[in-house]
Every structure is written in structure tokens, then in C-alpha cells.
Amino acid sequence: TAKMDKIFRSYYVWPKFPSISMSGDSCALYCKHCNHTYLNDMQSLTKPEKFLETCRQLADNGTVGFLLSGGCNKNGKMLNLRKLLPVIKQIKRETDLIIKLHAGFVDTTLAEDIVSAGIDIASVEVVGSNETIKEIFDFNASTNSYVNTLQNLESAGMPYIVPHICIGLHYGEINGEFEALKIIKEFCNPSLLVMIVFRPTKGTVLENCKIPSISDISTVVKKAKEMFPYKDIS
Ligand code: SF4
């Protein structure tokens, strides 16, 4: 029999794993690659009672779980997360729904509260260049903010941490991706590493930007495989 050394997995997440915005269409940031457009494709659930009711319905309808996302405040923290944590905890107690949280920046207390609420997976974007943080996100942060978030989630005992890197986020160019890989390697033990390729979105400042070149993408992915030989890279 032929030896298979490459596995290609493909996932179709909708409708069994919908995306929920905890902030509706609100976000204090105007990141150049998004400009709030990502929020349009999410179901808005900003109030605890409605959140609880909808999640119960999702569970009754056989939904596997959901991505909990939404907009941020000026410091990169997820809007409404703290307010919704008690009902998130309740949902985790009552149902088998798997909750994957776009974590945003997380301090020690929030990390502990996320873990004690029973959230299953923390998805953490990691950016390895202060220039990109300033240019693309324009918020009050540095690469250290990502380091702290990973460390805080690790120390709190987050069951699954899934960092992701957006290749070419800096106007389609490579800038900080290798540093982001180093940060991940040094400060967390990822369950899975996700590499996203920057794709210009209509209605954003970067809509006419070039997409990253195949050779840039392949260089970053190769480096990731070299640095994380035993991890799944998705
Ligand atoms: S913080 Fe998120 S939702 Fe807000 S503009 Fe940036 S990428 Fe879009």
C-alpha cells in the first residue's frame, strides 16, 4: 500500500458551528483589513438573556458549538465578554456546545475567568511586528500584548489555545510573521496552529492591496512546519 504522509482536512463549519458577535456591529477599532466588515457575517448576541435563550435553541437544534467573536475596545479587549461570561458559564454547564472564543487581549483575571467559565478553545491572533500593529490596527498595543495574552491563558490552564497568524497582513507583505512564530513557540503550547492568508476585503482600506505572493506564503508555512514539527498546522 502507498504510504500517505500528507493529510488534507477540510471543514465545513456552517451551520453547525455559527459565529456570534458579542458586540453586534460595534467595534472601537477600524482595522485596515476589516473596517467592521467581519462583524456583518456574525449573528449578533449582545445581551445576556438573549444569549442564553439563543444558545439553548442552538443546542436543541443539534448545533455542535460556536465561535464567540465580535468587536474590541481601544485596548484590544473583546467588547461585552466580561458581561456575558456568567451566561457563557451557564451554557457550558447546561449543554454540550463547544465554545471557541476569539480571545482578544486577555489579562490574568480575565484569563482565569474564561477558563472557569468553561470556554473550550481560545483562538488568539498573534502579530509579530509593532509596525504592523500601528499601521493596520492602530491601537494601544505592542507585540508584548500578544505575549502577555498567551502567557496569561497558559497560566490560567486554558484547555486549548489556538494561535493564528495572518500571512501578509502588512499590505500583502511579510512583516513580523517569523517573529509571531517565535512568540508562539516561546510563550505557549498551541493545540493547533492556524495560518490565514491575507485576502483584501471590499469596503476596507486594504481592498486594493495585493495578495501575498505564493513564495512568501510558502516560506512562512515552511518555517512554521520546521518550528512546530509535531503540531497540526491548519
Ligand atoms: S477589532 Fe476586529 S472587528 Fe474591529 S475592525 Fe478590527 S478586525 Fe474588525
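Nothing here was measured: the structure is a model prediction, and the numbers come from that model.

Definitions and cut-offs
Residues numbered from 1 in each chain as written. Predicted model: local features only at pLDDT ≥ 70, side-chain atom pairs only at ≥ 80, totals over all residues. Heavy atoms only, no water. Near = heavy atom within 4 Å. Nonpolar A, V, L, I, M, F, W, Y, C, P; charged D, E, K, R; others polar. pLDDT = per-residue confidence, 0-100. Helix = DSSP H or I, 4+ residues; strand = E, 2+ residues; numbered from the N terminus. Pairing = 2+ DSSP bridges. Contact = heavy atoms within 4.5 Å. Axes fitted to C-alpha atoms, helices over the stretch in contact; angles between N-to-C directions. Buried < 20%, exposed > 50% of the residue type's maximum accessible area, 1.4 Å probe, protein only. Right-handed = clockwise from strand over helix to strand, strands pointing away.

1. Observations regarding the site of the ligand
Thought 1: Around the ligand, the surrounding shell consists of Cys-27, Leu-29, Cys-31, Cys-34, His-36, Leu-39 and Cys-72.
Thought 2: Residue composition of the shell around the ligand, grouped by class: six nonpolar, one polar and no charged.

2. Notes on the confidence of the model for the protein
Thought 1: Residue-level pLDDT values for the protein average 93, and 94% of them are 70 or greater.
Thought 2: No element of the protein has a lower mean pLDDT than strand β7 (residues 194-197), at 94, and none a higher one than helix α3 (residues 108-117), at 98.

3. Remarks on the sheet that holds strand β1 (residues 19-21)
Thought 1: One open sheet accounts for seven strands, arranged β2-β1-β3-β4-β5-β6-β7; its pairing is parallel. The open sheet has two free edges, formed respectively by β2 (43-44) and β7, since each of these has just one partner strand.
Thought 2: Summarising the sheet, strand β5 (residues 121-125) and strand β6 (residues 160-167) pair through five bridges and their orientation is parallel. Counted as the bridge partner of Ala-122 is Ile-161 from β6.
Thought 3: Here helix α1 (residues 48-60) sits on the sheet and contacts β1, β2 and β3 (65-69); the angle it forms with β3, its principal contact strand, is near 150°.

4. Overview of the side chain of Thr-54
Thought 1: Relative to the helices and strands, Thr-54 is located in helix α1.
Thought 2: Note on Thr-54: relative accessible area 6%, which makes it buried.
Thought 3: Not counting residues up to four positions away in its chain, the partners in contact with Thr-54 are Gln-43 and Leu-45.

5. Here we look at the pairing of strand β4 (residues 98-102)
Thought 1: Covered by surrounding structure in β4 are Ile-99 and Leu-101 only, the residues Ile-98, Lys-100 and His-102 on the alternate face being uncovered.
Thought 2: Pairing of β3 with β4 involves four bridges; the strand directions are parallel. Residue pairing in the sheet places Gly-65 in a bridge with Ile-98 of β4.
Thought 3: Where β4 meets β5, three bridges bridge the pair, whose relative direction is parallel. Note on β5: the bridge partner recorded for His-102 is Ser-123.
Thought 4: With α3 bridging β4 and its parallel neighbour β5, the resulting β-α-β unit is right-handed.

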